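# Overview (structure and organization)
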Amino acid sequence: MLKLLATRLMAAIPMMFLVATLVFFLAQLNPVDPAATLLGDDASLEAIAAKRAAMGIDRPLIVQYGDWISSAVTGDLGQNWFNGEEITTELRDRIPVTLSMVFGALTIAIIVGNTLGISAALKAGRWPDRLITVVSSLGLAVPNFWISMVFSYYFGVKLGWLPAIWPTQRPDTLLEWLKPLVLPCTALGISSSAAIARQSRSSMIGVLQRDYIRTALAKGMPVRRVVFKHAIRNAAIPVVTLAGFQLSALIGGAIFIELVFNIPGLGNWGVDAILRANIPVILAFVMVAALTVVLVNILLDLSYAWLNPKVRPE
Amino acid sequence: MRTTKSRMSRLLAVPVALSMLAAACGGSEETAETTEPEAATTTEARQVNTDTGEQTTTTVAAEVTTTTEPIPPASGTLRMVEFSPVTTFNPAGSQTAQSAYLYPAYDTLTRQTNDLTVVPALATGWTRPDDVTWEFTLRDDVVFHDGAAFNAQVAVDNFNYHASFQGNPNAATWSNMVEARVVDDTTFQVEFASPNPSFPLEMSMVMGMMISPNFLDGSDLTRNPQGSGPWIWSEEESEAGVTEVYNLNPEHWNPADQGVEQVTVTLVADNNARMNALLTGEADIMATTRDAQLQTGLDAGMMQISVPNYFPYVFIIDREGDSNPALADIRVRQAILKAMDLEAYNDSIHAGKGDGASGIFPPAFGEFHDPALAASTYDPEGARALLAEAGYGDGLTINMPMMPAISPHMDIIVQMLGAVGITVEIDQINNGELGPRFRSGQSALTWNRALLVHPAKDLGFWIGENAPMNPFNLTDTNDLYDKLQEALSSDPDTAKALYSEITQGLIDMGALIPLGHGGQNGMYAPNVTGVVMGLNMQAPMPYGVRVDG
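As the structure is a prediction and not an experimental result, all values here were calculated from the model. (Residues numbered from 1 in each chain as written. Chains lettered and ligands numbered in written order. Predicted model: local features only at pLDDT ≥ 70, side-chain atom pairs only at ≥ 80, totals over all residues. Heavy atoms only, no water.)

### Re the sheet that holds strand 9 (residues 187-192) of chain B
Sheet strands associate in pairs through backbone hydrogen bonding, adopting either a parallel or an antiparallel arrangement. Residue and element names in this part refer to chain B. The strand order across the open sheet formed by four strands is 6-7-9-8, and the pairing between neighbours is antiparallel. Sheet topology places strand 6 (123-130) and strand 8 (177-184) at the edges, where each strand pairs with a single neighbour. Taken pair by pair, the neighbouring strands of this sheet meet at an average axis angle of 20°, ignoring direction. Examined bridge by bridge, strand 6 and strand 7 (residues 133-138) share five bridges and lie antiparallel to one another. In the strand pairing of strand 7, aspartate 130 is matched with threonine 133. (Pairing = 2+ DSSP bridges. Helix = DSSP H or I, 4+ residues; strand = E, 2+ residues; numbered from the N terminus. Axes fitted to C-alpha atoms, helices over the stretch in contact; angles between N-to-C directions.)

Listed below in structure tokens is the structure:
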């Protein structure tokens, strides 16, 4: 297992380098002039030119790339062009927020999705199965940004049960920090719950039809024990794969949810950077997203090996 | 038109004005008494009656009066939610849009009251010794957060710093400055190449924010505000791009400004989220409230504050027809004017909350508003007739730039022009590129908007051979430019008549196509008192605001 982990991590290094290079040059295609955006419409052409020079974006692209990559490998990702803050400081503040939301949503998705999927599989063809299928189809169809707006208004503003937006003053306690995450995590987790429910149902139905399950049931083993001891583990592999993919989707979905709830995470930060051609932030944002996906894939590989001894390396 | 919806906010104008007068007082103890400045002040001031919308120009002579009022101690936290993030805490590099982040930490030379009058702040008075010179008298008890003292030399150094700051968004104002010079320790003069009547007003904005002399040497102020304001920025408690936190400055010269112990300004970019923050009690003041959101806030018991803010217009730049020969024909340009339905524009863009009056300044600006200019020119049949007369009866195609931020404006303009047979081809550009685009002569005509400050500033943007809106160096506005120079040296009544004449001239020649007026709105919770928002501000100022009302 350790060898597998080491191999995967080593392979991630050139991949991240390639991603960094690709993103750096792709980001230059953004037609927005950050100097003009910074100074506003009233700025003169001379002021904009002076700002471009001060920002160093009037230099040849290859020089800018060399500067950025040589600093990045030492852990210096530069400064945010639009507020002067160190990128690493912003990442330190924002990554925990987004990851909390994403993993909160994933937890909801796994619990709700598997519960619904297994329930549907155990009642396959009957009305609970059909109802769960309809509900999960709805969950997949409705965009999460719309759900988040509805949640924010009804549960946050109208009913006042939970915060409609991230607190404007820094939360002091863990509870104060978690409370504003409930609605975003739920809104974000709904479509993933639906996807996992569907996958879990079909996977569980397949496993429940296997001979060893039928034998266990024929020998009088209780259904609950058969499901939890024998069926779930074997039905889990495709669900785990899907959950891994869902994690990437959740990071993407977080962008919209963070905007609606004004959550100071990576999504809000990244969108703002893209709109204003804040290239150092775009680069950091994409690198973090890419690194997360790479790490999740490594974890998936490790989980396969744990779930199925046949795929473990020699 | 300036509107303050609730009776409460109208009543607030009185204590606000009093608190602003108190802004010139001395003393630093919480139980201090306010004392009016002793220097006699003479200046032009703009005064708007919030009830009638009428406005008068007056010469303010600040009498030497002494009033005694107990000042309640600062209490609580004022939480503001802002539309745009702060890009820098350096006033010389800051746009007006970010000023809400700078006001707590910096003092300005002047301030605006709720009736848009310019009143003393760091400057106790200002006079105009000649047409091109302003002389300011300063307080002598101001100390910056780093302990440096404020005096005339510091103010002069600040002006030179602003003028020489690379990438200053307000470079147009400073490029007109010839010299700033010290008269004595509390008096300085600033001389311009041409008259600048709006300078005291501009000194209430980011341009008038004074920086500590210890940081005028090129020090990085991006995340390091160094002013003398009522609150001191807290690096530990702030988070860039999220919330900026400011704590009480115990050494501030005016305790009356300090209604709260702490100010927080939080970025909430989404309009609905910002309103939700106010409605759920997460914020006390919501900056930049869309016209269409006002009713939601009012229905929930929130208070509204609005100021006239901008004049949207279409300007035909290429009047010699280099890029589109049709525009050289005055009948075509006048057809464009007649095609504009200002009421429809107001309904569409401002949810009917702006106005459809023509002319640069709305009725709230009695000083500059001219009812004769306000008449609607909408006449689609007349527009078609003019086009036919000019040989474009079968239609005409023009090209206009559009960036995402102005797409609602452009959408309706395209429709209105389309209705009279003018097809608009859109030149899609990015946000922030409109100014550079028309200044470099790449657009024959464009939508734009002027902030309502002073006619001389707006007219100077359009007319004259070297005006920013005249990249082709056309000479057809030279006579109007001469009138503008005459107005700058004239008494207020003559100047007003000349400003109107110039505006009418631009409209008649089919250069300026007015599109009505829009305002800047803010909303605040009913427990908040003392809210003041001035011209060219996107958020109310924190000075004198209390949250324990």
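### Remarks on the pattern of salt bridges
All names here are of chain A. Following the criterion strictly, the structure yields 23 salt bridges over all chains and no others. Aspartate 129 is the partner of arginine 201 in a salt bridge, and the nearest nitrogen-oxygen pair spans 2.6 Å. Linking arginine 201 in helix 9 (residues 182-208) with aspartate 129 in helix 6 (residues 127-141), this pair joins segments that are 72 residues apart in sequence. By relative accessible area, arginine 201 is classed as partly exposed at 24%. (Salt bridge = Lys/Arg side-chain N within 4 Å of Asp/Glu carboxyl O. Buried < 20%, exposed > 50% of the residue type's maximum accessible area, 1.4 Å probe, protein only.)

### Looking at the layout of surface pockets
One water molecule sets the probe size; rolling that probe over the atoms shows where empty space is left. Residues and elements named next belong to chain A. What the second largest pocket holds in volume is close to 910 Å³. If you go around the second largest pocket, you meet 38 residues; those closest to its centre are Ala54, Met55, Gln79, Asn80 and Trp81. At the level of secondary structure, the elements contributing two or more residues to the lining of the second largest pocket comprise helix 2 (34-39), helix 3 (45-55), helix 4 (61-72) and helix 13 (279-307). Residues of the lining of the second largest pocket, tallied by class, amount to 16 nonpolar, 17 polar and five charged. (1 Å grid on protein atoms, 1.4 Å probe; cavity = no way out; pocket = protein on both sides within 12 Å on 5 of 7 lines; lining within 4 Å. Points joined across faces, edges and corners; volume = space filled by probe spheres on them. Nonpolar A, V, L, I, M, F, W, Y, C, P; charged D, E, K, R; others polar.)

### A few points about the packing of aromatic side chains
Residues and elements named next belong to chain B. Applying the stated rule across the entire model yields 30 aromatic pairs over all chains. Ring geometry for phenylalanine 438 and phenylalanine 461: centres 6.2 Å apart, planes at 85°, overall edge-to-face. Taken together, the residues phenylalanine 438 in helix 12 (residues 434-439) and phenylalanine 461 in helix 13 (residues 455-462) connect sequence positions 23 residues apart. Taken as a pair, phenylalanine 438 and phenylalanine 461 share a single burial class, namely buried. An aromatic cluster is present here, built from Trp126, Phe136, Phe159, Trp174, Phe188, Phe192 and Phe199 joined pairwise through their rings. Arginine 111 extends its terminal NZ or CZ atom over the ring of tyrosine 543, reaching a point 3.8 Å from the ring centre. Cation over ring: arginine 449 sits above tyrosine 310, and NZ or CZ is 4.3 Å from the ring centre. (Phe/Tyr/Trp six-rings, centres within 6.5 Å; stacked < 30°, edge-to-face > 60°. Lys NZ or Arg CZ within 6 Å of the ring centre and 35° of its normal.)

### Digging into the confidence of the model for chain A
When the pLDDT values of chain A are averaged, the result is 87; 98% of them are 70 or greater. Ranking the elements of chain A by mean pLDDT puts helix 2 of chain A last with 82 and helix 7 (residues 144-158) of chain A first with 93. (pLDDT = per-residue confidence, 0-100.)

### Some words on the interface of chain A and chain B
Taken together, the contact pairs 37 residues of chain A with 44 residues of chain B. Where chain A packs against chain B, one counts two salt bridges. In this structure, A:Arg170 engages B:Glu239 in a salt bridge whose closest nitrogen and oxygen atoms are separated by 4.0 Å. Across the chain A-chain B interface, the total number found is seven residue pairs in polar contact (both at pLDDT 80 or more). (Contact = heavy atoms within 4.5 Å. Polar contact = N/O pair within 3.5 Å; in protein donor to acceptor, adjacent residues only side chain to side chain.)

### Some details on the packing of helix 10 (residues 211-218) of chain A against helix 11 (residues 223-261) of chain A
All names here are of chain A. At a minimum axis distance of 10 Å, the contact between helix 10 and helix 11 shows a crossing angle of 165°. Of the possible angle classes, the one that applies to helix 10 and helix 11 is roughly antiparallel. Handedness of the crossing formed by helix 10 with helix 11: right-handed. Residues Tyr212, Ile213, Ala216 and Leu217 of helix 10 lie in contact with helix 11, whose contacting residues are Val223, Val226, His230, Ala231 and Asn234. (Parallel < 35°, antiparallel > 145°, perpendicular 65-115°, else oblique. Left-handed = near helix turned anticlockwise from the far one by under 90°.)

### Here we look at helix 6 of chain A
Counting along an α-helix, one turn takes 3.6 residues, and residues three or four places apart therefore face a common direction. All names here are of chain A. In this model helix 6 runs 21 Å from its N-terminal to its C-terminal C-alpha over 15 residues, within 8% of the 21 Å that 1.5 Å per residue would give. For helix 6, the full list of buried residues reads Pro128, Asp129, Ile132, Ser136 and Gly139. Within helix 6, the buried residues cover an arc of 95° as seen down the axis, which keeps them to one side. Across helix 6 from its buried face, at more than 90 degrees, point the exposed residues Trp127, Arg130, Val134, Leu138 and Ala141. Those residues of helix 6 hidden inside the fold are in contact with helix 5 (87-122) and helix 9. (Expected span 1.5 Å × (residues − 1). Arc of directions from axis to C-beta.)

### Remarks on a nonpolar patch on the surface
Residues and elements named next belong to chain A. A cluster of nonpolar side chains, contributed by Phe25, Leu61, Ile62 and Val63, occupies part of the molecular surface with about 320 Å² of accessible area. The leading source of residues in the nonpolar patch is helix 4, at three residues. Within the fold, phenylalanine 25 resides in helix 1 (residues 2-27). (Patch = residues over 30% accessible without salt bridge, like charges linked within 9 Å, V, L, I, M, F, W, Y side chains within 5 Å. Areas by Shrake-Rupley, 256 points an atom, 1.4 Å probe, with all protein chains shown as cover.)

### Let's talk about unusual backbone geometry
Outside of glycine, negative phi angles account for most residues, and trans bonds account for most peptide bonds. All names here are of chain B. Look at threonine 288: it is not a glycine, yet its phi comes out positive at around 50°. Position of threonine 288 among the secondary structure elements: in the loop between strand 13 (285-286) and helix 7 (294-299). Accessibility expressed as a relative area gives 11% for threonine 288, which makes it buried.

### As for helix 9 (residues 342-350) of chain B
Residues and elements named next belong to chain B. Listed in full, the buried residues belonging to helix 9 are Leu342, Tyr345, Asn346, Ile349 and His350. One face of helix 9 carries all of its buried residues, which in axial projection span an arc of 100°. If you follow the buried residues of helix 9, they end up packed against strand 14 (303-316), helix 11 (407-419), strand 17 (445-451), strand 18 (512-514) and strand 19 (518-524). The N-terminus of helix 9 is capped by aspartate 341, whose side-chain oxygen sits 3.2 Å from the backbone nitrogen of glutamate 343. Within two residues after helix 9, alanine 351 carries a phi angle of roughly 50°, on the positive side.

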